[in-house]
Amino acid sequence: MRLTLRAPVSHADSIVSVHGTLAGEPLHFMYSTAGTWHAIGGVPVDSEGSLVGSATIERASGKTETARVRFVLPKVPPPVAQPLAVDSSFTKPLDAATTARINRENERAREIGRRAHDRPPMWTASFLKPRTSVITSEFGSGRLFNGALTTRHLGVDFRGAMGEPVRAANRGVVALVDNFFLAGNVVYIDHGGGVVTAYFHLSKTLVAVGDTVKRGQEIGLVGNTGRVTGPHLHWAARYGAITVNPLDLVALGGHWYVSSTSRPSTTSRTSAAR
Ligand SMILES: [Zn+2]
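Residues numbered from 1 in each chain as written. Predicted model: local features only at pLDDT ≥ 70, side-chain atom pairs only at ≥ 80, totals over all residues.

Caption draft 1: Inspection of the overall build of the chain at higher detail. Along the chain, the regular secondary structure elements total 3 helices and 21 strands. Per-residue burial over the chain gives 34% buried out of 274 residues. Of the contacts made within the chain by residues no fewer than 6 positions apart, 69% connect residues no fewer than 24 positions apart. (Helix = DSSP H or I, 4+ residues; strand = E, 2+ residues; numbered from the N terminus. Buried ≥ 20, exposed ≤ 12 C-beta atoms within 10 Å, placed from the backbone. Contact = placed C-beta atoms within 7 Å.)

Caption draft 2: Layout of the sheet that holds strand E2 (residues 15–22). A sheet is described by the order of its strands in space; here 4 strands give the open sequence E3-E2-E6-E7, paired in antiparallel fashion. Both outer strands of the open sheet, strand E3 (25–27) and strand E7 (64–72), are each paired with one neighbouring strand and no more. Pairs of neighbouring strands in the sheet enclose a mean axial angle of 20°, with direction left out of account. Sheet topology places strand E6 (residues 50–59) next to E7; 9 bridges connect them, and they run antiparallel. Paired with Glu 58 across the two strands is Thr 64, which belongs to E7. (Pairing = 2+ DSSP bridges. Axes fitted to C-alpha atoms, helices over the stretch in contact; angles between N-to-C directions.)

Caption draft 3: Up close: the environment of Asp 190. Residue placement: Asp 190 occurs in strand E15 (residues 184–192). Asp 190 sits in the buried class, given 23 other C-beta atoms within 10 Å. With 14 residues separating them in the primary sequence, Asp 190 and Leu 176 have C-alpha atoms 8.9 Å apart.

Caption draft 4: The arrangement of the sheet that holds strand E1 (residues 2–6) in detail. Read across the open sheet, the 3 strands follow the order E1-E5-E4; overall the sheet is antiparallel. Each edge of the open sheet is held by one strand with a lone partner, namely E1 and strand E4 (30–31). Bridge analysis of E4 against strand E5 (residues 36–40) gives 2 bridges, and the strand direction is antiparallel. Bridge pairing links Tyr 31 to Trp 37 in E5.

Caption draft 5: Examining the nonpolar core more closely. In terms of nonpolar packing, the biggest core is built from 36 residues, with Val 186, Val 187, Tyr 188, Val 196 and Tyr 199 touching the most fellow members. For this core, the secondary structure elements donating two or more residues are strand E12 (156–159), strand E14 (172–180), E15, strand E16 (195–202), strand E19 (218–221), strand E20 (232–239) and strand E21 (242–244). A per-element tally of this core places E16 first, with 6 residues. Excluding its chain neighbours within four sequence positions, the residues that come into contact with Val 196 are Ile 112, Gly 113, Ala 116, Ala 175, Tyr 188, Ile 189, Asp 190, His 191, Ala 237 and Arg 238. By size, the runner-up hydrophobic cluster in this structure holds 13 residues, among which are Met 30, Ile 40, Ile 57 and Tyr 257. (Core = buried A, V, L, I, M, F, W, Y, C linked by C-beta atoms within 7 Å.)

Caption draft 6: Seen up close, the pairing of E5. Pairing geometry for E1 and E5, over 5 bridges, is antiparallel. Bridge pairing links Arg 2 to Ile 40 in E5. With antiparallel pairing between neighbouring strands as the criterion, E4 and E5 make up a hairpin whose turn holds 4 residues, including Gly 35 at a positive phi of roughly 75°.

Caption draft 7: Representation of the environment of Ala 67 in the model. Looking at where Ala 67 falls in the secondary structure, it is placed in strand E7. Residue Ala 67 is classed as partly exposed on the basis of its C-beta count, with 13 C-beta atoms lying within 10 Å. Spatially, the C-alpha atom of Ala 67 lies 9.9 Å from that of Ala 7, the residues being 60 residues apart in sequence. Not counting residues within four places of it along the chain, the set of residues in contact with Ala 67 comprises Leu 5, Ser 54 and Ala 55.

Caption draft 8: Structural view of the confidence of the model for the chain. On average, the chain scores 88 in pLDDT, and the residues at 70 or more come to 86%. Segment residues 261–274: pLDDT under 50, and 26 contacts once partners within four positions in sequence are set aside and those in other chains are kept. (pLDDT = per-residue confidence, 0-100.)

Rendered as structure tokens:
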């Protein structure tokens, strides 16, 4: 979700910080033009009804003003089922140890999302798709395993042959490189401002935890590691703990929500205040 805050400009009592929340996650407002601030927020998949967002501005005098907005969410369409015939080993229940491993790995991914709020947004240009190839499975589509509808697909799949390049969607710091049961060889990039992108099923990873990667940098190679039927790239994104459609980051474009170097952002104040 894109949020725009307009606050009356007062030269006598300037704005020193802007912060807010939506769906339990902090918002990182960035200065745009005089009196205008932009933020992005995540909406949990399958949430219906309404969400309340809030923003508070603090002025130099210490005076604060808070705005609250109720957003009515569109009805979530039922998943479009994609038939997928797989070996029966994919539909057998997993043993307790494997289930515990998957839960631990999911928790690590959520924790990386939460920590991405601790640094200001690092990007200065739009998000890129990690591959230019065809998308073979959209975000949110239903999953049919041998005729039975299971969960929604919480990422975007790109076509790819073994060893083809996978690129970082934007500037960020590598937060995790590991081998997960479902996702195989993974790279998670913390872009700051609550945003994380993740790249699954890689045959090879080309970066290490702590590396700062450039937008478009090659970070791994397409593979078929983890629980998959063939080589492809599964691309996922989070806003904090919320899984979001990574193509929505691409759709933000190049100018609407980027770190500005021409004027100090309030984000560091905002996170310090939490
Ligand atoms: Zn996928």
